[in-house]
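# Reading the structure
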Amino acid sequence: MVDQDSGIRVGEPLFIDVTRAASQLGISRGLAYSLCREYLAGRQGIPCRRFGVRRILVPRSMLFNLAESGNALLRYAEDS
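Everything numeric in this text was worked out from a predicted model, so none of it was measured. (Residues numbered from 1 in each chain as written. Predicted model: local features only at pLDDT ≥ 70, side-chain atom pairs only at ≥ 80, totals over all residues. Heavy atoms only, no water.)

### Brief notes about the nonpolar core
By size, the foremost hydrophobic cluster in this structure holds 13 residues, and its most contacted members are Val18, Cys36, Ile46 and Val58. Elements supplying a minimum of two residues to this core: helix H1 (18-25), helix H2 (29-40), strand E3 (55-59) and helix H3 (60-69). If sequence neighbours within four positions are ignored, Ile46 has contacts with Leu25, Ile27, Ala32, Leu35, Cys36, Tyr39, Val58 and Leu66. (Core = buried A, V, L, I, M, F, W, Y, C linked by side-chain atoms within 4.5 Å. Buried < 20%, exposed > 50% of the residue type's maximum accessible area, 1.4 Å probe, protein only. Helix = DSSP H or I, 4+ residues; strand = E, 2+ residues; numbered from the N terminus. Contact = heavy atoms within 4.5 Å.)

Below, the structure written as structure tokens:
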């Protein structure tokens with residue numbers, strides 16, 4: 001069963017790690033971590049949350065929205 005609002009299957013974890021997010025977006029792990037750091041610094045990037053000192057997780061719903069719009073990745077690529 002899929003939630004109509006988020007597009008996420010019911011019963012799946014709400015967050016995924018950055019490596020899995022990179023794989024699903026088709027980008028390198030290094031670029032994904034860089035985009036997460038950009039987001040955590042208040043700029044455009046992959047929406048994520050920090051848990052503790054080292055753990056960074058990406059909300060599945062945000063990843064779904066990002067994949068549909070592509071805005072954050074496009075803006076990052078234009079700035080580089």
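### Some thoughts on the packing of aromatic side chains
Inspection of every chain in the model, using the stated rule, returns one aromatic pair. Centroid distance Phe15 to Phe51: 5.3 Å. Interplanar angle 80°. Geometry classified as edge-to-face. Of the two residues, Phe15 sits in strand E1 (residues 15-17) while Phe51 sits in strand E2 (residues 49-51), which places them 36 residues apart along the sequence. Residue classification places Phe51 among the partly exposed positions, given a relative accessible area of 38%. (Phe/Tyr/Trp six-rings, centres within 6.5 Å; stacked < 30°, edge-to-face > 60°.)

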